[in-house]
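Each chain, letter by letter, is given below.
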Amino acid sequence: GFDLILAADITYDPGLQQALAAFADEYLTTAGALWCVESVRTTDRGLQAACAARGLLLREHEFTALDEGRRIAVRGIEVRR
């Protein structure tokens, strides 16, 4: 198993949401965490539902970052057992 899994910009696709939740469920250690960071483009809740169906806990953290001089919204997603 893994204590830390990192991902970026993959939660926009429903198939990838399911795959990411399944991967976390299969490979996260008991105290491990998955972190996924993405630019906030959607309000889709598919990853949340996929994690909940597997008993995984999901928290979102929103912040801003600079991208070529302009501020963009960024979402950090934390998944734990």
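This structure is a prediction, so every number in the text was calculated from the model and none was measured. (Residues numbered from 1 in each chain as written. Predicted model: local features only at pLDDT ≥ 70, side-chain atom pairs only at ≥ 80, totals over all residues. Heavy atoms only, no water.)

Here's the deal with the nonpolar core
Formed by 14 residues in total, the largest nonpolar core has its most connected members in Leu34, Leu47, Cys51 and Val79. Counting only elements with at least two residues in this core, the list comes to strand S1 (2–8), helix H1 (14–27), strand S2 (28–39), helix H2 (46–53) and strand S4 (70–80). Excluding anything up to four places from it in sequence, Val79 contacts Leu28, Gly32, Ala33, Leu34, Cys51, Leu56, Leu57 and Leu58. (Core = buried A, V, L, I, M, F, W, Y, C linked by side-chain atoms within 4.5 Å. Buried < 20%, exposed > 50% of the residue type's maximum accessible area, 1.4 Å probe, protein only. Helix = DSSP H or I, 4+ residues; strand = E, 2+ residues; numbered from the N terminus. Contact = heavy atoms within 4.5 Å.)

Some remarks on H1
In a regular helix each residue adds 1.5 Å, so 14 residues correspond to 20 Å; H1 covers 20 Å between its end C-alpha atoms and thus fits that length. At its buried positions, H1 is contacted by S1, S2 and H2. Sitting at the amino-terminal end of H1 is Asp13, which places a side-chain oxygen 2.7 Å from the backbone nitrogen of Gly15. (Expected span 1.5 Å × (residues − 1). Polar contact = N/O pair within 3.5 Å; in protein donor to acceptor, adjacent residues only side chain to side chain.)

Focus: the environment of Gln17
Position of Gln17 among the secondary structure elements: in helix H1. Along the chain, Gln17 and Arg45 lie 28 residues apart, while their C-alpha atoms are 9.4 Å from each other. Of the polar contacts made by the side chain of Gln17, one reaches the side chain of Asp44; its length is 2.8 Å.

Observations concerning the environment of Glu62
Among the structural elements, Glu62 can be located in strand S3 (residues 57–67). Considered as a pair, Glu62 and Gly76 are 14 residues apart in the sequence and their alpha carbons are 6.1 Å apart. Leaving out residues up to four positions away in the same chain, Glu62 has contacts with Val40, Val74 and Arg75.

Examining the pattern of salt bridges
Evaluation of the coordinates by the stated rule reveals 8 salt bridges. Glu38 is paired through a salt bridge with Arg75; the nearest N and O atoms lie 2.7 Å apart. Taken together, the residues span a long stretch of sequence, with Glu38 in strand S2 and Arg75 in strand S4 at a distance of 37 residues. Neither residue differs from the other here; Glu38 and Arg75 are each classed as buried. Notably, a salt bridge pairs Arg80 with Glu78, separated by 2.7 Å at the nearest N-O pair. Residue Arg80 is classed as partly exposed on the basis of its relative accessible area, which comes to 33%. Given the relative accessible area of 5%, Glu78 is considered buried. Salt bridges sharing common partners tie together Glu38, Arg45, Glu60, Glu62 and Arg75. (Salt bridge = Lys/Arg side-chain N within 4 Å of Asp/Glu carboxyl O.)

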